[in-house]
Every structure is written in C-alpha cells, then in structure tokens.
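Remarks on the overall topology
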Amino acid sequence: METDEESQDTPVSEAQIAVHWREEEYYQPPAKFIAQANAGDPSIFERFREERFPECFKEYADLLSWDAYWHTTLDTSNPPFWKWFVGGRLNASFNCVDRHLAASSNKAALIWVPEPEEEETRAITYQELYKRVNEFAALLRDFAGVKIGDRVTFHLPMVPELPVAMLACARLGAIHSQVFGGFSGAACGERIADADSHVLVTMDGFYRNGELLDHKVKADEAIARAHDLGCEVDKVLVWRRRPGQYASKSPMVEGRDFFVDELLPDYRDKLVEPVSMPAEAPLFLMYTSGTTGRPKGCEHSTGGYLAYVAGTSKYYQDIHPEDTYWCFADIGWITGHSYIVYGPLALGTTSVMYEGVPTYPDPGRPWRIAQRLGVDIFHTSPTTVRMLRKVGPDEPAKYDYHFKHMTTVGEPIEPEVWRWYHEVIGKGEAVIVDTWWQTENGGFLGSTLPALQAMKPGSCGPGVLGIYPVIYDENGDEVLAGSGRAGNMCIRNPWPGIFQTIWGQPEKFVDTYYAKYCRDRQSKDWRDWPYFAGDGAVQAADGYFRILGRVDDVINVAGHRLGTKELESASLMVDEVAEAAAVPVIDDIRGRAVEMYVSLKPGVQASEEMSAKVSRAIDTEIGKIARPKNVWIVPDLPKTRSGKIMRRVIAGISNFTDVGDTSTLANPEIVDVIRHHVQKEKAARGEVPRELSREELEEIQSFGSVE
Ligand code: WTA
C-alpha cells in the first residue's frame, strides 16, 4: 500500500511503472493430493532445466504414439517459424481414440450433460467414440469431399458432435476451425472466408438458459457473408439436436444443406484409416481477436501441440486415466480444444461436457452435476467463479462432491475471489492451479505444479516446465523479480504448443509477437527471438508472476500507470461488491481519471454510501492518485460470450463516445440501461461531453480490447 502523492508530478518512465500489489500468503497443497500427484518428485525441475532445452520436451512427446519418430526436436532454421519434432509422423485422432481401445474400450471418453435437467446425460465410451469418429470421417471424405489439408469450419454448440467432428477431421489430416457457437452468423462467415473453407458443419439448435435457440439460421447468414467476401461454401452439414426433428425455422437449401442424421446410415460401421501426418502439419485453426480488423486464425500443429497439451494435462491438470475431469469451458475457445478434448483424451481419461449456462435452472446446477458424476477435477474461469459467488454463495455446501484439484484460466483472479473459490467451491480440500496462457500458446505457460509449488492467490505462479518467461521494459531491459515494477510479459524460448503462424498473415505473426524484442532479424538462434505476449506483469521475489492484464488495459493517471485489475481487485475488497470494472475518462488536468463500474451482490441496495466505500477501498489499497472520479453501481457489466468484461463499451459510455458494435455481447441489452443511468447522472453533476482528439478516441474505443 502506498499513496505516492509526492511523485505525482514526476513523469514515470515505462521502466518505472508503479505497482501497488500487496503480497499474498501461500497456501500449501493437501497431503492427500501430493500422495497421488503425477508430478510429485522435484527431480522433474531438473529434467526441464534450461540446459536441457529443447530435448526436455521429448518427455511430453513420449506421451504420444508416433508412427515414425522424429529426427530433429526443434528446427530453428526459419525464425520465428519454429518446427517441432521434425521427421516425426502421427495422427491426433488415433492418439485420442484408437490407442485407448485395447485397455479402455468400455470406459467413458466423454460424458455429455444436456442443459435441460430432465434430459438424460449421455456417456460415450471410447469404443462408441471410435465408431462415431470413423463414420463421420467417412462422411466428410466421401460425401463432402474433404481432403488432407482442407479447412473445415464448424459452428457448433457444446454437444458431443463437436469433438466427434474435430477428431474426424484430424483422422483425415484436414484442418478444423471451430467458431464459438455463440458468435453471430456474420462472425462465422468472416472466419469461413479467412480460412477459405468450403464445408460448414453446424447444428439446428441448442439449449441455452432454458430456451432451444435456432442456430441453423446463423449458417445462412454465415454463408451469405462468406460469399460477399468471395468464398463459396458447397456443403452445409447440419446435425440435429434431436435426430429426426428440425429445431430451426430456416429452410434447408437443396443441394447445399444436408441433415447429418440422414446421411450417416450410409456410412454405418465404415472405418477410415487414420492418415499419418507430419508432426508439423496443421491440426486446427483457432480464431482470436486483435485490437483491429481481421480476426487472427492461430494455426496449431499436430505433433508439437498434442505433445504439449498431453504433457501439461498430465502434470498441471494432474489428470489420471481414472479421473472424472470437468473443464467448464466452451470447446469454441482454445481452453476447450486443449483441455476438454485433446489433452484429456490423449491421456485416456473421462472428460465431462456441459451444454448450457452454469446457473440454469439454478446456481446449484454445477454442484449437482459434480456430485452425480463424481467429478474430481474442475476447471473454470474467474468470471464463472464470480458469477457463482454472486448468485449462489451457499450452494456448494449443499452438495456432496469433492474436488481434489481445481483450475482457473482466462483472466487474472482477484485474491478475494480466489479465496472464495478455495474455501467454498473447493471446500478447502482442493489444490488450485491458476493457469496463464493464450489462444496463441496452445497450452499453459505460467502456473504452479500442484504438488510441488505452493499456491498464491492472484498469481499464476512461475513459468511452467520448459518455459522461461521474462519481463522486459519498453527498452528491452529485463525487469527483475522483486523489483516491484511491471513490464511486458515475454517468453524467451519457443515451446511445442506455440502456434505456427497466423493463417494467411505471416508478416502480422512476426510483427505482433516477435518484432518488438527481436535482437537480430538474421539470427537463427532462438535466444534472439523472445515471444511478446502483450500482457503486463510483475514478478515477485519468489519468481511468481502476477498478470496485470493486456498491456493496453492500463490507465495513466497523472503519469501513474494503474492496472485495471488492481483497481478492480481493490473494489472487490468491499464485501458487498460482486464485480468491478475500471475504465479511463479523458481528464483535462490529470490526463486520465479512473471511473469504476461495480455490480453488487444480491440483496444489496445501491447507495451513495456503497460508492463511497469503493472509493475508500481504492484509496486504501492503491492511493489517492487512483481515487475514482465516479463509481457507478450497475445491475450487470457488459460481457463477451466468453465472459470477459467489455471495458471499451463502458469506457465509451463514460466518455460519451460511440460504443461500437455490441451485437456479439452475451448481454447487449445492458448497454442502454447503463448508458441511460450514467449519462443522466453525469449531466446532473455538470459533466459535459467534450470533443476528443483522434488519439483519445482511439484509446477509448479500443480500451481493454478483447474483441
Ligand atoms: C488473459 C485464454 C491472468 C491474458 C487461455 C491473456 C490471464 C489472455 C490468465 C488470453 C490467467 C489468460 N491470469 N490473465 N490465469 N489466463 N489470461 O487468448 O490477458 O482467450 O493474454 O486465452 O487472457 O486470452 P485467450
């Protein structure tokens, strides 16, 4: 805690970013967990020490079954387009399905929980998965003409047909590109065109919050948009949520749209030989958003990616074949690809999938699922934890489930929320790993080895095995651990799970992730090519990293760079606050001022006193410099479908600017509610809109961009 008033007028250089975090206490893993952990022997650190790089990753690759072993572990001849396990050949579908048949054909590979509670949960054994993957692969190949290297776009909800389709593509050596089911048709169409896909796999409808949504209608929009962008889709394969019943109003287009359940009988019991693919052949594309324009199709490899997710699933998720593992995320995001499908299935475990929203029909739902299925490993995001804390704080205690291990991913978790996760959801019995990584990375980069490294709320931990992170300042100088300074999170070395390129934009790949800190463009030594992650971070003396959010999520108040996360974390120290978001307002005197948006726990009334409490908490935790200009109490915050708070939308409201496209939000209706309330209040307080410069406008409109 510091107030730092005296340095207010001194300009703060990039290398002296003030950090106001308080050090948190350690939590030790329970003995029972340690006794059964996959990584319980500290010699593992020795095996992955830097001198052993890159050969250390042989240990991950050896978790897979290879058709041909590789001759070169890491080929650095064309930086930064690294190649892993060169010369090796394998098939991802074989690794996730076929090879488990001998020992576990009757074990559930997937357990699918539909959202309607009265609908039966479906267990799909490895044998059944094998059959379904083969049949769909045959259909893709023989009916839709899919060949090695073709891109096939999916726009599927959380149904078992999605992993089946992924593994069917992988079997054929085709590249899948799943677009999150909650995205609009237009967003899907853009991704179809970008990938130049000619086959779309979709579903007629799915359940969300008790409603059967019409999903096929989005396929028509997607195809129209792709057509406008010069890409023709020849075949649309439509799964039906209930075979034989069509849940959509959109007509099937003759010769283009086909019901999968009507085609499948022709492929009954067909077997498709898994195509032996080079390790560096692309396995899939996963689109992610940059700050501007065209979405980035992150291209992930077959051998390196699969080895990396298998290794991290084993040591960090601590997955054993006999576990019942539930990653409560959507397969439409990288987390789901790596840690619902590829990692867990490569290890031959049972992976649970849930179709719907966590709070349907009530906030006890996740815990009923966990209890009934005997889930012992649980993986989710801070947003979900915050939501469950807000609407069902007493629910976990009512159910008899026991997690030995829990994970969080996607954004920094506030220590307050972490403690609640640990005590209430984890019942004080579960170890927690906070996993920091990105779509681009394939798998975890920063975390703790659950049996060997203590947990620290709010910190992801040190670099994971074989990952050597570093924080650089704007000049490329290292920011030392324990210095209390923040800087740019980078990884010094390549790793097997790193994406290979941005599909169709190799220059952007180099520019975005490597140009900033590359020491020599001609060099073929990986040491000259640190990976720039675009996240701000601070490293404590113990080597643990605390991620402060995207580097553009910073509010510069009178020369002090305040991380949105630290402001939000301070606000959450107020007991009644459920969620908080910080945004900048252009301020003539201080450059930027902070504005806080908070939502309260159920039953708590909004009041002046509540706003004052939030201000005081920030005063105390960070200092007067960070005191918000306004604290707005709102019913909910605008969020993306993956649960990230859209700070740019509220930043737009605070600054009276255009908030941009809000149609892809999970809760677009909240935007007008907030705007009306805030702008009316501002008018009453005499705050008038002022003309912004182009740079100011740009800053506000891309603030904290996640979309
Ligand atoms: C943020 C999700 C803090 C970070 C796997 C990163 C996190 C972005 C964490 C990537 C974490 C992810 N702690 N921040 N444990 N995990 N982030 O591509 O800003 O959807 O750059 O990948 O989320 O989000 P993405």
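Numbers given to residues run from 1 along each chain, matching the order in which its sequence is written. Owing to the predicted nature of the model, reporting of local features is limited to residues with pLDDT of at least 70; listing and counting of side-chain atom pairs is limited to 80 or more, with chain, interface and lining totals taken over all residues. Side-chain measures here rest on the full set of heavy atoms in the structure, leaving out hydrogens and waters.

1. Re the packing of aromatic side chains
Side-chain rings of Phe, Tyr and Trp (the six-membered ring for Trp) are treated as a pair once their centres are within 6.5 Å; stacked means planes under 30 degrees apart, edge-to-face means over 60, and tilted covers the remaining angles. Taken as a whole and assessed by the stated rule, the structure comprises 51 aromatic pairs. The ring of Phe532 has Lys516 sitting right over it, with the charged end atom 5.6 Å from the ring centre. When the NZ atom of lysine or the CZ atom of arginine is within 6 Å of a ring's centre and also within 35 degrees of its normal, the charge is said to sit over that ring.

2. Section: the sheet that holds strand β20 (residues 431-435)
Taken together, the 7 strands give an open sheet; going across it, the order is β5-β4-β17-β16-β18-β19-β20, and neighbouring strands pair in mixed fashion. Where the open sheet ends on each side, the last strands, each with one partner, are β5 (122-125) and β20. With direction set aside, neighbouring strand axes in the sheet form an average angle of 20°. Strands pair, by our definition, only if DSSP identifies at least two bridges between them. Helix and strand definitions here come from DSSP, where helices need a minimum of 4 consecutive H or I residues and strands a minimum of 2 consecutive E residues; each element is numbered from the N-terminal end. The pairing of strand β19 (residues 405-409) with β20 spans 5 bridges and is parallel. When the bridges of β20 are listed, His405 appears paired with Val431. Whenever a helix is involved, its axis is fitted only over the stretch in contact; in every case the axis is a line through C-alpha atoms, and angles between N-to-C directions fall within 0 to 180 degrees.

3. Let's talk about helix α19 (residues 647-654)
With a 1.4 Å probe rolled over the protein chains alone, any residue whose accessible area is under 20% of its type maximum counts as buried; one over 50% counts as exposed, and the rest are partly exposed. With 8 of 8 residues buried, α19 lies mostly within the body of the structure. When we look at burial in α19, the residues that qualify are Arg647, Arg648, Val649, Ile650, Ala651, Gly652, Ile653 and Ser654. By definition, residues are in contact when any of their heavy atoms lie within 4.5 Å. Residues of α19 that are buried in the fold lie against α17 (564-571), β28 (577-587), β29 (591-600), β30 (630-633), α20 (669-684) and α21 (694-701). Phe656 sits one or two positions beyond α19 and adopts a positive phi of about 55°.

4. Considerations on the packing of helix α11 (residues 303-315) against helix α12 (residues 334-346)
Where α11 contacts α12, the axes come no closer than 8 Å and their chain directions differ by 85°. By the angle between their directions, the pair α11 and α12 is classed as roughly perpendicular. Facing α11, whose interface residues are Tyr305, Leu306, Val309, Ala310, Thr312 and Ser313, α12 presents His337, Ser338, Tyr339, Tyr342, Gly343, Pro344 and Ala346. Gly is put with the polar residues, along with every residue not named as nonpolar or charged; the nonpolar set is Ala, Val, Leu, Ile, Met, Phe, Trp, Tyr, Cys and Pro, and the charged set is Asp, Glu, Lys and Arg. Class assignment for the residues of the contact of α11 with α12 results in 8 nonpolar, 5 polar and no charged. Roughly parallel refers to an angle under 35 degrees, roughly antiparallel to one over 145, roughly perpendicular to one between 65 and 115, and oblique to any angle outside these ranges.

5. Things to note about the site of the ligand
The near set for a molecule or strand comprises every residue that places at least one heavy atom within 4 Å of it. Lining the immediate environment of the ligand, one finds 16 residues, of which Asp434, Thr435, Thr439, Asp535 and Arg550 sit closest. Surface accessibility follows the Shrake-Rupley procedure with a 1.4 Å probe radius. Residue values consider only the protein chains on display as shielding. Taken by itself the ligand offers 530 Å² of open surface, and the protein chains cover 88% of this. Looking at the shell around the ligand, the elements that each hand over two or more residues are α12, β20 and β25 (545-550). Classifying every residue of the shell around the ligand by side-chain character gives 6 nonpolar, 5 polar and 5 charged.

6. Some remarks on the packing of helix α6 (residues 126-142) against helix α7 (residues 161-172)
The geometry of α6 relative to α7 is characterised by a closest axis approach of 8 Å and an angle of 60° between their N-to-C directions. Classified by the angle between their axes, α6 and α7 sit oblique to one another. Judged by the sense of rotation from one axis to the other, the crossing of α6 with α7 is right-handed. Across the interface between the two elements, Leu129, Tyr130, Arg132, Val133, Asn134, Phe136, Ala137, Leu140 and Arg141 from α6 touch Glu161, Val164, Ala165, Leu167, Ala168, Cys169, Arg171 and Leu172 from α7. Split by residue class, the contact of α6 with α7 holds 12 nonpolar, 1 polar and 4 charged. Crossing handedness is defined as follows: a turn of the near helix away from the far one that is anticlockwise and smaller than a right angle gives a left-handed crossing, while the clockwise case is right-handed.

7. Side note on the nonpolar core
Note on terminology: a nonpolar core comprises buried Ala, Val, Leu, Ile, Met, Phe, Trp, Tyr and Cys residues joined through side-chain atoms within 4.5 Å. Membership of the largest hydrophobic core comes to 119 residues, with the highest contact counts inside it found for Phe57, Leu129, Phe136, Leu237 and Tyr342. In this view, Phe136 contacts Val164, Ala165, Ala168, Val201, Leu237, Trp239, Val260 and Leu264; residues no more than four positions away in its chain are not counted. Core analysis: the second largest hydrophobic core is formed by 78 residues, Ala37, Val375, Ala581 and Val631 among them.

8. Some remarks on the environment of Leu600
Its place among the elements puts Leu600 in strand β29. Linking Leu600 and Lys390, residues 210 residues apart in sequence, is a C-alpha distance of 8.0 Å. For Leu600, the residues in contact, after removing those within four places along its chain, are Lys390, Glu576, Val577, Ala578, Gln605, Ala606, Met610, Ile633 and Val634.

9. Overview of the side chain of Ser611
Structurally, Ser611 is set in helix α18 (residues 608-621). On the basis of relative accessibility, which here comes to 16%, the residue Ser611 falls in the buried class. Non-local contacts of Ser611, meaning those with residues more than four positions away in its chain, are made with Val631 and Ile633.

10. Description of the side chain of Ser248
Along the polypeptide, Ser248 turns up in the loop between β11 (235-239) and β12 (257-259). Using a relative accessible area of 9% as the deciding quantity, one classes Ser248 as buried. At 2.7 Å, the side chain of Ser248 and the side chain of Asp214 are in polar contact. Within polar-contact distance, the side chain of Ser248 engages the backbone nitrogen of Ser250 at 2.9 Å. If we skip the residues at most four places from it in the chain, Ser248 touches Asp204, Asp214, Lys216 and Val217. Identification of polar contacts relies on pairs of N or O atoms within 3.5 Å, with a donor-acceptor requirement for protein atoms, meaning one able to donate a hydrogen and the other able to accept it, and with residues adjacent in sequence counted only if both atoms are side-chain atoms.

11. Some points on unusual backbone geometry
For the peptide bond that leads from Phe53 to Pro54, omega is 0°, which places it in the cis range. Structurally, Pro54 is set in the loop between α2 (43-47) and α3 (58-61). Cis geometry marks the peptide bond from Pro79 to Pro80, where omega comes out at -5°. Within the secondary structure, Pro80 sits in the loop between β1 (72-75) and β2 (83-86). Within the chain, Asp269 stands out as a residue other than glycine whose phi angle is a positive 60°. You can see Asp269 is positioned in the loop between α10 (260-263) and β13 (277-278). Here Asp269 falls in the exposed class, since its relative accessible area comes to 54%. Phi angles above zero are rare outside glycine, and Asp318 is one such case at about 55°.

Everything listed here is a matter of geometry and, on its own, says nothing about what the molecule does.
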